[in-house]
Amino acid sequence: MDEREFGRSGQHASVVGLGTWQLGADWGDVDDKEALTVLEAAAESGVTFFDTADVYGDGRSEQTIAAFLSGRPDLHVLVATKMGRRAEQIPENYVLDNFRAWNDRSRRNLGVDRIDLVQLHCPPTPVYSSDEVFDALDTLVEEERIAHYGVSVETCAEALTAIARPGVASVQIILNPFRLKPLNEVLPAARAAGVGVIARVPLASGLLSGKYTADTVFPENDHRAYNRHGEAFDQGETFSGVDYTTGVEAAVEFAALAPEGYTPAQLALRWIVQQPGVTTVIPGARSPEQARANAAAAKLPELSGQTLAAVRDLYDRRIREQVEGRW
Ligand SMILES: NC(=O)c1ccc[n+]([C@@H]2O[C@H](COP(=O)([O-])OP(=O)(O)OC[C@H]3O[C@@H](n4cnc5c(N)ncnc54)[C@H](OP(=O)(O)O)[C@@H]3O)[C@@H](O)[C@H]2O)c1
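None of these values were measured; they are calculated from a predicted model. (Residues numbered from 1 in each chain as written. Predicted model: local features only at pLDDT ≥ 70, side-chain atom pairs only at ≥ 80, totals over all residues. Heavy atoms only, no water.)

Q: Which residues make up the pattern of salt bridges, and what values go with them?
A: One pass over the full model with this rule turns up 22 salt bridges. E249 serves as the salt-bridge partner of R318, at 2.8 Å between the closest nitrogen and oxygen. Remark: E249 occurs in helix α8 (residues 244–255) and R318 occurs in helix α11 (residues 305–323); sequence separation between them is 69 residues. Judged by its relative accessible area of 42%, E249 is partly exposed. (Salt bridge = Lys/Arg side-chain N within 4 Å of Asp/Glu carboxyl O. Helix = DSSP H or I, 4+ residues; strand = E, 2+ residues; numbered from the N terminus. Buried < 20%, exposed > 50% of the residue type's maximum accessible area, 1.4 Å probe, protein only.)

This is the structure we're talking about:
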């Protein structure tokens, strides 16, 4: 699979990576053996970038990645984790002592001395304007606890503030055919600054696969059941912030735009890969079949101008109003 460079850091990632929130919790029950087969299928399909976090299953996702990679020393996978959300979400918690403690725990979970890339995990907005926070992250680099750092953001404004920081290697942001706003300023700014862009929630939590209906029931321990209105964390992380009924209807229209040979999910991933400025897209997968199909999107032919225009038209007609003002 093609790889792209995170400009500032010089690190490389496959254009389609793997999101591993599913291997921790919040997407129904997790089977550890199945989780390993997802990692295996992704790696065998050429994926060289895994995104995880210390909170996914409270470390389970990190530990599963460590278990998988320890048995595959032949693989060169860039592992990006996140920190910050195991503590109360107040700026006062974003200090060097906490960073060191969170980093120690992630290094133990991942079984490494130095983490390839650590991202602040959607911190409170004032954190992005704090010199002390970024000085502390620089200290983690100096101490060789991490090779590079980045941020995972909720809003485009937060992304732009972070990109202006010289040490930020990557910005992770929601970008998909139901979330177009980052195309306007964030992607051009990231490109100009050499900051990598990690596109998350690329399938709008699965909506863009077109497989859900108004009657679909998600398990109780799946955020698609318990966070539809932002009850547990930011609403934008569930179905990309789109109201479920609207999302299901718009997904039917979206599926009809898939060219021959593409599934709707692959159309969404291919669309993201071809947006200038994107470094890697990180679909989550619940099965090896999904991981393989998602990786295969990297090799599909470029989408036509007509398809790109139809995606924008669908967004403008059905989605824009719900999301554009919020994130
Ligand atoms: N704040 C943050 O930093 C943050 C927040 C959210 C996500 N993330 C990261 O981004 C990653 C991706 O986002 P996400 O997992 O939330 O959402 P996503 O990638 O948009 O959606 C994942 C879901 O889509 C469905 N799916 C995946 N591949 C499919 C395929 N080939 N065909 C049909 N359906 C498919 C599966 O749903 P079913 O389970 O119904 O099959 C899967 O659970 C996460 O794993 C995580 O690493 C980070």
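What follows picks up the thread again.
Q: Give a description of the side chain of N103 that names residues and reports values.
A: With respect to the element layout, N103 can be found in helix α3 (residues 96–110). Note on N103: relative accessible area 2%, which makes it buried. Of note is the side chain of N103, whose polar atom sits 2.9 Å from the side chain of R145. (Polar contact = N/O pair within 3.5 Å; in protein donor to acceptor, adjacent residues only side chain to side chain.)

Q: Describe the packing of aromatic side chains, with residues and values.
A: The tally for this structure, following the rule as stated, stands at 15 aromatic pairs. Ring centres of F99 and W102 lie 5.9 Å apart, and the angle between their planes is 45°; on these two criteria the pair is classed as tilted. With F99 and W102 both in helix α3, this residue pair falls three residues apart, about one helical turn. For the ring pair Y226 and F233, a centre distance of 6.5 Å and an interplane angle of 85° mean the geometry is edge-to-face. What makes F233 partly exposed here is its relative accessible area of 21%. Connected via pairs of aromatic rings, a cluster forms that spans W21, W27, Y56, Y226 and F233. Geometry around Y244 places R228 over its ring, the cationic atom sitting 4.2 Å from the centre. (Phe/Tyr/Trp six-rings, centres within 6.5 Å; stacked < 30°, edge-to-face > 60°. Lys NZ or Arg CZ within 6 Å of the ring centre and 35° of its normal.)

Q: Hey, could you go over the sheet that holds strand β10 (residues 280–281) for me, with residue numbers and the actual values?
A: Taken in spatial order, the eight strands make up an open sheet running β3-β4-β5-β6-β7-β8-β9-β10, and their pairing is parallel. Each having just a single partner strand, β3 (18–19) and β10 make up the two edges of the open sheet. Judged from the two bridges that link them, β3 and strand β4 (residues 49–51) form a sheet pairing that is parallel. Bridge pairing in β4 places G19 opposite D51. Contacts between helix α4 (residues 131–142) and the sheet are confined to β5 (78–83), β6 (115–121), β7 (146–152) and β8 (168–174), with β7 contributing the most and set at about 150° to the helix. (Pairing = 2+ DSSP bridges. Contact = heavy atoms within 4.5 Å. Axes fitted to C-alpha atoms, helices over the stretch in contact; angles between N-to-C directions.)

Q: Account for unusual backbone geometry, with residues named and values stated.
A: Although it is not a glycine, A204 adopts a positive phi angle of roughly 50°. Here A204 lies in the loop between β9 (196–200) and α7 (223–226).

Q: So what's going on with the site of the ligand? Residues and values would help.
A: By nearness alone, 31 residues border the ligand, and D51, S152, L203, K211 and Y212 come closest of all. Within the side chain of S152, one N or O atom sits 2.6 Å away from an oxygen atom of the ligand. Separating an oxygen atom of the ligand from a backbone N or O atom of S205 is a distance of 3.0 Å. For the ligand, whose unbound accessible area comes to 900 Å², protein coverage reaches 93%. Comparing atom positions with the cavity grids shows the ligand to sit within the largest pocket. It is helix α10 (residues 288–296) that contributes the most residues to the shell around the ligand, three residues altogether. For the shell around the ligand, the per-class residue count stands at 12 nonpolar, 12 polar and seven charged. (Near = heavy atom within 4 Å. Areas by Shrake-Rupley, 256 points an atom, 1.4 Å probe, with all protein chains shown as cover. 1 Å grid on protein atoms, 1.4 Å probe; cavity = no way out; pocket = protein on both sides within 12 Å on 5 of 7 lines; lining within 4 Å. Sits in = over half its atoms within 2 Å of the grid points. Nonpolar A, V, L, I, M, F, W, Y, C, P; charged D, E, K, R; others polar.)

Q: Describe helix α2 (residues 60–70), with residues and values.
A: When we look at burial in α2, the residues that qualify are S61, E62, T64, I65, A66 and F68. Packing partners of the buried residues in α2 comprise α1 (32–44), β4, β5 and α3.

Q: Residue-level account of the packing of α1 against α2, with values.
A: Their axes nearest at 10 Å, the elements α1 and α2 cross at an angle of 60°. By the angle between their directions, the pair α1 and α2 is classed as oblique. Considering the relative orientation of α1 and α2, their crossing is right-handed. Along the contact surface, α1 presents D32, A35, L36, L39, E40 and A43, while α2 presents R60, T64, I65, A67 and F68. (Parallel < 35°, antiparallel > 145°, perpendicular 65-115°, else oblique. Left-handed = near helix turned anticlockwise from the far one by under 90°.)

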